[in-house]
Amino acid sequence: MYSVRIVDDDLPVLEFLTTSIGWEELGFQLEGTYQDPIEALEAARLGGTDVLISDIGMPELNGLELIGRLRAEHPELKVVILSCHDDFQYAQAAVKLAVSDYVLKETMNAHNITEVLARLKEQLDAEAGLQSKSRKLEREAEQNRSASKRHFIRSTVNEPLLDPAEWSRKAEEYGIRLGQHAVLPVFGYANRLREAGDRFQSQDLFMYTIENIVEELLADQKETALFTYDMGEIVLLFPHYSQLHVNNSQKIEQSLREIQNCLLQYAKVPFSFLTGAPSKDARSLKDQLIHMAEAKSLRFYLPESSVMKLEHVREGFGEGDQLLAQYMPALEEFRRVVFEERTDMIDAYVSKWIDYINYHRFRPMEVKEWLLKMILDVRMRLKSLQHYQSTFASELLHHDVLELTSIRELELWLKDYLRQAIQWAGQVYRESHNREILECQRFVYNHLDRKISLEDAAEHLHLHPSYLSRLFKRETGENFVEYVTRMKMMRAKELLEITDKTVEEIAEMLGYENKNYFGKLFKAHTGILPNAFRGQMKG
């Protein structure tokens, strides 16, 4: 299957191409349709595309510009242009971009698009036959080299340095030449790793994307070595020249800022960097890398997208007992937010406690356990309500909270969780109340033949009469007695219309002992007396 993306700001064109073409039968997988060319550009860059079908005239980025940008990155991309312009200027531009086909929208139909796709399939198959073997070998070699580099840098950190000479020989294979100059180690890590994992779905794809973007940016810096370290983590070793210390440091920071911007733009991942001290030998470099790799707990409180020297990272944590002492005040506020459905208070309450945690810098695990205990308490309160079904199992909650890597990520996650909890609470209340009201109405309908009091219905539902009265009025807009009377009068109209029973008999069938009282209620409800109503129906 070859991947296809369609870009056209005309929605009917997208719908026509989506529904009228047998994509899979032709050997294509329709990866996406886009009205926004910018969105299409980002998706194609991340997901890869074999065939692009694009309109020319679009806002912000026209079709020719879109093709040019993608072709710069993927020269082998096949392109079909859709256009309203039967114009030599556009055709000439398309030829320059080596466009595979140029289709006028006024002549476009399922048949000619199918023919175009069939021709492209033949070309792609032919190219794939020639290139697949070499590409496979290149890809395997690239993956093996990346894995070898990762093993080298991790063993440098985690295993004893028994033979510095052997280490130096291996390091030179990866561009590390400590004999010629010092290196400045930099440890990079993704912020909001959970989010990135959900978006990429595959750890390999995520790390491959990060590695490719950084390698491309460092293409001109031949002496800089890049290693992937762990999920969302990389190590960069920049050459460091002591005589150019100031300019060297500024240049490195500039490179790191550029990497940050590109990772955020193309991979949608905020990235932070810790820079170490210049190292002139293997043991010094090893110590630096160990310190960086072990700084995960300290990184919890660092700002997102930061570039910071390791020596400036504040160490030490506050006493956990102080956090535990604030458990009940925080729990009461979060309960209030959820059970009173105070969406407007989420930001204020969460920010208040995040600021408190930030100020005291408690150990990240203590913060997560404190938060998890609070969330599970709120969840149990929700679960205790009738028929509550949470979309979050306790195990998933536990996993999600433990995966949070920074105070900022924790803040965003907590705000989002509370908003969802408020929605669940509202749904639970509505469903619970709706069930109670429906059961109350069912009770009334089944007992129209007798006197029905609010106390009778409340006893049947195991509710307090005053609570049922308020609930019934709030949910239905009428009070309980009004509802009972209305149901009885509707039943009375049916009986008057379809039976020959007397007004007295009907009154008795509806639980009224006094015929005259029944008549007055009927007139108040319908505007006429029972016998007159029957006369109208039969007349």
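Every chain begins its residue count from 1, and numbering advances along the sequence as written. Thresholds applied to this predicted model are a pLDDT of at least 70 for local features of residues and 80 or more for the giving and counting of side-chain atom pairs; totals over whole chains, interfaces and linings are not thresholded and use all residues. Side-chain figures throughout are based on the complete set of non-hydrogen atoms in the structure, without hydrogens or water.

1. Focus: the overall build of the protein chain
Working definition: helices are DSSP H or I runs of at least four residues, strands are E runs of at least two. Numbering for both runs from the N terminus. Counting its secondary structure elements, the protein chain contains 23 helices and ten strands. Between the two quantities, the radius of gyration covers C-alpha atoms and the globule rule is 2.2 Å times the number of residues to the power 0.38. Over its C-alpha atoms the protein chain spans a radius of gyration of 36 Å, topping by over 25% the 24 Å that the globule rule assigns to 539 residues. In terms of overall dimensions, the protein chain has a C-alpha envelope of 110 × 75 × 35 Å along the principal axes. A burial count over the protein chain gives 44% of its 539 residues as buried. Note on charges: Lys and Arg go in the positive column, Asp and Glu in the negative column, and His and the chain ends are not counted at all. In plain terms, the charge of a residue is placed at NZ if it is Lys, CZ if Arg, CG if Asp and CD if Glu. In the protein chain, 66 positive and 85 negative side-chain charges are present, and the distance between their average locations comes to 4 Å. Only protein chains enter the accessibility calculation, which uses a 1.4 Å probe. A residue is then buried if its area is under 20% of the maximum for its type, exposed if over 50%, and partly exposed in between.

2. Details of the pattern of salt bridges
Any Lys or Arg side-chain nitrogen located within 4 Å of an Asp or Glu carboxyl oxygen qualifies as a salt bridge. Under the counting rule described, the total for this entry stands at 27 salt bridges. In this structure, the salt-bridge partner of Lys105 is Asp8, at a minimum N-O distance of 2.8 Å. Note that Lys105 is positioned in the loop between strand 5 (101-104) and helix 5 (110-158) and Asp8 in the loop between strand 1 (2-7) and helix 1 (11-20), a separation of 97 residues in sequence. Summarising the burial analysis for this pair, Lys105 and Asp8 share the class buried. Of the charged contacts, one joins Lys352 and Glu333 as a salt bridge, the two residues approaching to 2.7 Å between their closest N and O atoms. Highlighted residues: Lys352 in helix 14 (residues 346-360) and Glu333 in helix 13 (residues 327-339), separated in sequence by 19 residues. By sharing partners, the salt bridges in this structure join Asp347, Arg408, Glu411, Lys415 and Arg419 into a single network.

3. What to know about unusual backbone geometry
Of note in this structure, Arg192 is not a glycine but carries a positive phi near 55°. Tracing the backbone through its elements, the reader meets Arg192 in the loop between strand 6 (182-190) and helix 7 (193-200). Notably, Arg361 is not glycine yet its phi reads approximately 50°, a positive angle. On the secondary structure map, Arg361 appears in the loop between helix 14 and helix 15 (364-384). By relative accessible area, Arg361 is classed as buried at 7%.

4. Some points on the side chain of Ser146
Residue position: Ser146 is located in helix 5. For Ser146, a relative accessible area of 11% puts it in the buried group. Setting aside chain neighbours within four positions, we find Ser146 in contact with Glu211 and Thr228. The contact rule is simple, with two residues in contact once any of their heavy atoms fall within 4.5 Å.

5. Description of the sheet that holds strand 2 (residues 28-34)
Where strands meet in a sheet, backbone hydrogen bonds hold them as pairs that are either parallel or antiparallel. Ordered by their spatial adjacency, five strands build an open sheet running 2-1-3-4-5, and the pairing between neighbours is parallel. Looking at strand neighbours, the two that pair on one side only are strand 2 and strand 5, the edges of this open sheet. Averaged over all neighbouring strand pairs, the angle between strand axes comes to 20°, with direction disregarded. Across four bridges, strand 4 (residues 78-83) lies against strand 5 in parallel orientation. When DSSP finds at least two bridges between two strands, those strands are taken to pair. For every element, the axis is a line fit to its C-alpha atoms; helices are fit only across the contacting stretch, and the angle between N-to-C directions ranges from 0 to 180 degrees.

6. Regarding the packing of helix 2 (residues 37-47) against helix 3 (residues 63-73)
Any two packed helices are characterised by the angle at which their axes cross and by the distance between the axes. At a closest axis distance of 11 Å, the pairing of helix 2 and helix 3 adopts a crossing angle of 10°. When the axis of helix 2 is compared with that of helix 3, the two are roughly parallel. Only Leu66, Arg69, Leu70 and Glu73 of helix 3 make contact with helix 2, whose side of the interface consists of Pro37, Leu41, Ala44 and Arg45. Charged means Asp, Glu, Lys or Arg here, nonpolar means Ala, Val, Leu, Ile, Met, Phe, Trp, Tyr, Cys or Pro, and polar covers whatever is left, Gly included. Partitioning the contact of helix 2 with helix 3 into residue classes produces five nonpolar, no polar and three charged. Each angle is binned into one of four classes, with values under 35 degrees roughly parallel, values over 145 roughly antiparallel, values of 65 to 115 roughly perpendicular, and all other values oblique.

7. Observations regarding the confidence of the model for the protein chain
How sure the predictor is of each residue is captured by pLDDT, a score from 0 to 100. Mean pLDDT over the protein chain: 86, with 90% of residues reaching 70 or higher. Here helix 4 (residues 88-96) stands out as the least confident element of the protein chain, with mean pLDDT 54; strand 9 (residues 271-275) is the most confident, with 95. Across residues 386-392 the pLDDT falls below 50, and counting only partners more than four positions away or on other chains, this stretch makes 17 contacts in the model.

8. What about the nonpolar core?
Think of a nonpolar core as a cluster: buried Ala, Val, Leu, Ile, Met, Phe, Trp, Tyr and Cys residues, connected wherever their side-chain atoms sit within 4.5 Å. Residues Phe334, Ile357, Trp370, Trp413 and Leu414 are the most contacted members of the largest nonpolar core, which totals 38 residues. When contributions to this core are tallied by element, the ones reaching two or more residues are helix 13, helix 14, helix 15, helix 16 (394-402) and helix 17 (407-446). If one sorts the elements of this core by residue count, helix 17 sits on top with ten residues. When neighbours within four sequence positions are excluded, Ile357 is seen to be in contact with Tyr301, Leu323, Phe362, Val367, Trp370 and Ile407. Counting 31 residues, the second-largest nonpolar core is a separate cluster that includes Met487, Leu495, Ile506 and Leu510.

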